[in-house]
Amino acid sequence: MNRFLDLADLTREEVVDLLALAQRLQDHPEPRALAGRILGLLFFNPSLRTLSSMQAGMARLGGSSFVITPGNGTWKLETRLGAIMNGDAAEHVREGIPVLASYCDALGIRAFADGRDLQADLAEANFSALADLCPKPLINLESAVNHPCQALADWKTMDDLAVPRQGKFVLSWVNHPRALPLAVPAATLHMAAHRGMEVVVLRPEGYALPRPLMDKARAAAAASGGSVTETSQREQALAGAQVIYAKEWGSPQHYGDATADAALRKKLSDWMVRDSWLERADPACRFMHCLPVRRNVAVADEVLDGPRSVVRREAYNRMVVQMAVLHRLLAH
Ligand code: CP
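Residues numbered from 1 in each chain as written. Predicted model: local features only at pLDDT ≥ 70, side-chain atom pairs only at ≥ 80, totals over all residues. Heavy atoms only, no water.

Q: Help me understand the overall build of the chain, please; the structure alone is not making it clear to me.
A: Across its full length, the chain holds 12 helices and 12 strands. What you see for the chain is a C-alpha radius of gyration of 20 Å, in line with the 20 Å of a compact globule of 332 residues. In terms of principal-axis extent, the alpha carbons of the chain reach across some 55 × 50 × 35 Å. When each of the 332 residues of the chain is scored for burial, the buried share is 53%. (Helix = DSSP H or I, 4+ residues; strand = E, 2+ residues; numbered from the N terminus. Rg over C-alpha atoms; globule rule 2.2 N^0.38 Å. Buried < 20%, exposed > 50% of the residue type's maximum accessible area, 1.4 Å probe, protein only.)

In structure tokens, the structure reads:
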């Protein structure tokens, strides 16, 4: 493995194998496995979990890391091709990324969606351009429509908790003060389908995920024996659910139009997960969210603090699975 950019690049068996390595590293630490290796981390956007878990995971394997957050103590980086650089960006990624890559053995990049042009974001235009500049092993730390590290951690979390492979997995839209990117819903949807689950996307009108994301998940489901459906009927969707995975995202119908999106979501304040949502779910139903989460906007305290919530385990597993990814990329 030379790059970890999309869980879809791995067969189901390869994911299972990678998760077995994660479990092995969790049970039998290898504190010298990556001694002398260096990981570079380039964050164009904020993070709590991804940044700290990548650094902690690298350190636990005996390696080290450095972090660049452009514009915060380092030069602001221009990403646009052909830009006339007379603004506040002092350096272009065309120099910056190869230079950073020359200092390390692998690079992780977080670059969220541009959020203006849906087709360009669905095509991962920005991240692909950055990836093309990196000659070293590369990890996607969240791009426009993908977050493979989160997806892998969530898969492991379900395995840890013995959530049946073919269990009912409901990915539900929840409210947020503003439109958020499609990366986590896209990656989560695909992950659950790839695992072989009965996936239901529950979302209000106006928040249907773009067809290419649904098609990708349906292709994964076809290969794994799972299924993918979508609905706006909450009661029906949640009945018998073994996992409720809440996520906020912007309306693809109003992509890049914050005003129209805000008008639509203003009427959707009841799209907040409460205990009542779990009444008809499977008795063993787990509640998942990638974090960060807005308490009492997206998810009520009673759910996040309740016995079904596994959000902290998901966050812990970020470190564990990323150690497996780093091991695969760098331990030779
Ligand atoms: N879930 C996740 O990626 O968290 P951060 O944005 O804090 O890294």
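Q: Would you mind going over the sheet that holds strand β8 (residues 168-173) with me for this structure?
A: Sheets are built from strands that pair by backbone hydrogen bonding, the pairs being arranged parallel or antiparallel. Taken in spatial order, the 5 strands of this open sheet run β10-β9-β8-β11-β12, and their pairing is parallel. Both outer strands of the open sheet, β10 (227-231) and β12 (286-288), are each paired with one neighbouring strand and no more. Taking the axes of each pair of neighbouring strands and ignoring which way they run, one obtains an average angle of 20 degrees across the sheet. One ladder, built from 5 bridges, connects β8 with strand β11 (residues 243-247); its direction is parallel. Across the sheet, Phe169 pairs through a bridge with Val243, a residue of β11. In this fold helix α7 (residues 183-195) packs onto β8, β9 (198-202), β10 and β11, with an angle of close to 170 degrees to the strand it touches most, β8. (Pairing = 2+ DSSP bridges. Axes fitted to C-alpha atoms, helices over the stretch in contact; angles between N-to-C directions. Contact = heavy atoms within 4.5 Å.)

Q: What should I look at first to understand the layout of surface pockets in this one?
A: Of the voids in this model, the largest pocket is the one considered here, and its volume is about 830 Å³. Taken together, 38 residues make up the lining of the largest pocket; nearest its centre are Phe112, Arg178, Ala179, Leu180 and Pro181. Only α2 (49-60), α7 and α10 (258-265) provide two or more residues apiece to the lining of the largest pocket. Classifying every residue of the lining of the largest pocket gives 16 nonpolar, 10 polar and 12 charged. Both domains that meet at the lining of the largest pocket, namely domain 1 (3-146 + 315-330) and domain 2 (162-309), each give it at least three residues. (1 Å grid on protein atoms, 1.4 Å probe; cavity = no way out; pocket = protein on both sides within 12 Å on 5 of 7 lines; lining within 4 Å. Points joined across faces, edges and corners; volume = space filled by probe spheres on them. Nonpolar A, V, L, I, M, F, W, Y, C, P; charged D, E, K, R; others polar. Domains from an automatic or database assignment.)

Q: In this structure, what is going on with the packing of aromatic side chains? I would like to understand it.
A: Taken as a whole and judged by the stated rule, the model has 4 aromatic pairs. On the numbers, 5.9 Å between centres and 35 degrees between planes, the contact of Phe169 with Tyr245 is tilted. Of the two residues, Phe169 is situated in strand β8 and Tyr245 in strand β11; the sequence distance between them amounts to 76 residues. Tyr245 carries the same exposure label as Phe169, and that label is buried. (Phe/Tyr/Trp six-rings, centres within 6.5 Å; stacked < 30°, edge-to-face > 60°.)

Q: Just checking my understanding: could you explain unusual backbone geometry for this structure?
A: Most peptide bonds take the trans configuration, and most residues that are not glycine carry a negative phi. Cis geometry marks the peptide bond from Leu291 to Pro292; its omega dihedral reads 5 degrees. Of note in the backbone geometry, Glu142 takes a positive phi value of approximately 125 degrees without being a glycine. Position of Glu142 among the secondary structure elements: in the loop between β7 (138-140) and α6 (148-160). Accessibility expressed as a relative area gives 9% for Glu142, which makes it buried. Located in the positive-phi region is Leu291, a residue other than glycine, with phi close to 65 degrees. Topologically, Leu291 is positioned in the loop between β12 and α11 (301-304).

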